[in-house]
Amino acid sequence: MNRINYDGVMLAMLQCVQAGERLLLHSCCGPCSSYCLTELAPRIPTTVFYFNPNLDSGEEYLKRKGEQLRLLEETGLADFLDCDYSAEDYSRAVAGLEGEPEGGARCKVCFELRLRRTAEEAKRHGYTYFGTTLTVSPLKNAALINELGFSVGEEVGVRYLPSDFKKRGGYQRSIELSKEHGLYRQNYCGCRYSRRPQREE
Ligand code: SF4
């Protein structure tokens, strides 16, 4: 079976953007959004939506959000829509899946939680499309994220903009842009289960 080229689908959809249409882009963090915004912002007015209840502490949440805001201030590429940190949303959603490996069933629930809230906010605020930066990571299953995005978009009634931002050197570019802006790049995905065990000295 041929794999869908979601990067190509995204570019084709963006060529058809009409005046007045807007995108609400879920962002997991500043570094991941850095490259995505350089691709999206010239093609469609974009607002970054920062909804990440998966983060393992309020301190980490504020640190990543601060870097996201700084990047937006420095580049002026997008507006920003904030959201409260609600760790309980995440804990409730992944109950029973705590022992799953990274990339397994817990991540699917985590993706869907963030995509659904983004779609709901997009609908509430009159955005034409919603999307996510999550596909820039080579560690995440872009096909799964896009399937979830389309399904959630249909349920909520907002068009999903698929992506595969790691294509065309996107992930590497996000590392370079993060360096250029001096962004904090965390070394774990976000939830407490993805924290790397500390090495014993
Ligand atoms: S590893 Fe990442 S995607 Fe998976 S559940 Fe944790 S925060 Fe979510």
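Check the entry above for the structure.
All of these numbers come straight from a predicted model, not from anything done at the bench. (Residues numbered from 1 in each chain as written. Predicted model: local features only at pLDDT ≥ 70, side-chain atom pairs only at ≥ 80, totals over all residues.)

A. Seen up close, the overall build of the chain. Summing up its helical and strand segments, the chain has 7 helices and 5 strands in all. Overall, the chain shows an N-to-C arrangement of helices and strands of α-β-α-β-α-β-α-α-β-α-β-α. Rg of the C-alpha trace for the chain: 16 Å, near the compact-globule value of 17 Å for 201 residues, within the 12% margin. The principal-axis extent of the C-alpha atoms belonging to the chain is close to 55 × 35 × 35 Å. (Helix = DSSP H or I, 4+ residues; strand = E, 2+ residues; numbered from the N terminus. Rg over C-alpha atoms; globule rule 2.2 N^0.38 Å.)

B. Region of interest: the pairing of strand β1 (residues 23–26). Here β1 shows a buried face lined by Leu23 and Leu25 and a second buried face lined by Leu24 and His26. Where β1 meets strand β2 (residues 46–49), 4 bridges bridge the pair, whose relative direction is parallel. The residue of β2 that forms the bridge with leucine 25 is valine 48. One crossover worth recording links β1 to the parallel β2 by way of helix α2 (residues 30–40), and it is right-handed. Pairing geometry for β1 and strand β4 (residues 129–132), over 4 bridges, is parallel. Residue leucine 24 lies in a different strand from β4, and its bridge partner there is phenylalanine 130. (Buried ≥ 20, exposed ≤ 12 C-beta atoms within 10 Å, placed from the backbone. Pairing = 2+ DSSP bridges. Right-handed = clockwise from strand over helix to strand, strands pointing away.)

C. Local environment of helix α7 (residues 170–181). Given a rise of 1.5 Å per residue, 12 residues ought to cover 16 Å, and the 16 Å separating the end C-alpha atoms of α7 matches this to within 8%. For α7, the complete set of buried residues consists of Gly170, Ser174 and Ser178. Relative to the axis of α7, the buried residues are bounded by an arc of 85° and lie together on one face. Summarising the geometry of α7, the exposed residues directed more than 90 degrees from the buried face are Gln172, Glu176, Lys179 and Glu180. In this structure, the buried residues of α7 make contact with α2. (Expected span 1.5 Å × (residues − 1). Arc of directions from axis to C-beta. Contact = placed C-beta atoms within 7 Å.)

D. Layout of the nonpolar core. In terms of nonpolar packing, the biggest core is built from 42 residues, with Leu23, Leu24, Leu25, Cys36, Phe111, Tyr127 and Phe130 touching the most fellow members. Elements with a contribution of two residues or more to this core: α1 (6–15), β1, α2, β2, α3 (58–75), α5 (105–124), β4 and α6 (142–156). Considering each element in turn, this core owes the most residues, 7 residues, to α5. Not counting the four nearest positions on each side in its chain, leucine 23 is found in contact with Leu40, Ile44, Thr46, Tyr127, Thr128, Tyr129, Gly131 and Leu161. (Core = buried A, V, L, I, M, F, W, Y, C linked by C-beta atoms within 7 Å.)

E. Summary view of α5. Helix length check: α5 (20 residues) gives 29 Å between terminal C-alpha atoms against 28 Å at 1.5 Å per residue, within 8%. Downstream of α5 by one or two residues, glycine 126 has phi in the positive range, about 75°.

F. Molecular detail of the site of the ligand. All residues in the neighbourhood of the ligand are listed as Asn54, Glu102, Arg106, Cys107, Cys110, Cys189, Gly190, Cys191, Tyr193 and Ser194. In terms of residue class, the shell around the ligand is built from 5 nonpolar, 3 polar and 2 charged. (Near = placed C-beta within 6 Å. Nonpolar A, V, L, I, M, F, W, Y, C, P; charged D, E, K, R; others polar.)

G. Structural view of the packing of α2 against α3. Where α2 contacts α3, the axes come no closer than 9 Å and their chain directions differ by 30°. The angle between the axes of α2 and α3 places the two elements in the roughly parallel class. Where α2 approaches α3, its residues Gly30, Ser33, Ser34 and Leu37 are matched on the opposing element by Arg64, Glu67, Gln68, Arg70, Leu71 and Thr75. (Axes fitted to C-alpha atoms, helices over the stretch in contact; angles between N-to-C directions. Parallel < 35°, antiparallel > 145°, perpendicular 65-115°, else oblique.)

H. Inspection of the environment of glutamate 60 at higher detail. Note on placement: glutamate 60 falls in helix α3. Along the chain, glutamate 60 and alanine 19 lie 41 residues apart, while their C-alpha atoms are 37 Å from each other.

I. Structural detail: unusual backbone geometry. Phi at arginine 168 is positive, roughly 55°, even though this residue is not glycine. Looking at where arginine 168 falls in the secondary structure, it is placed in the loop between β5 (159–160) and α7. According to the C-beta neighbour criterion, arginine 168 is partly exposed, with 13 such atoms within 10 Å.

J. A look at the sheet that holds β1. Here we have 5 strands laid out as an open sheet, ordered β3-β2-β1-β4-β5, and parallel in their pairing. Where the open sheet ends on each side, the last strands, each with one partner, are β3 (79–81) and β5.

Shape descriptors only; they carry no functional weight alone.
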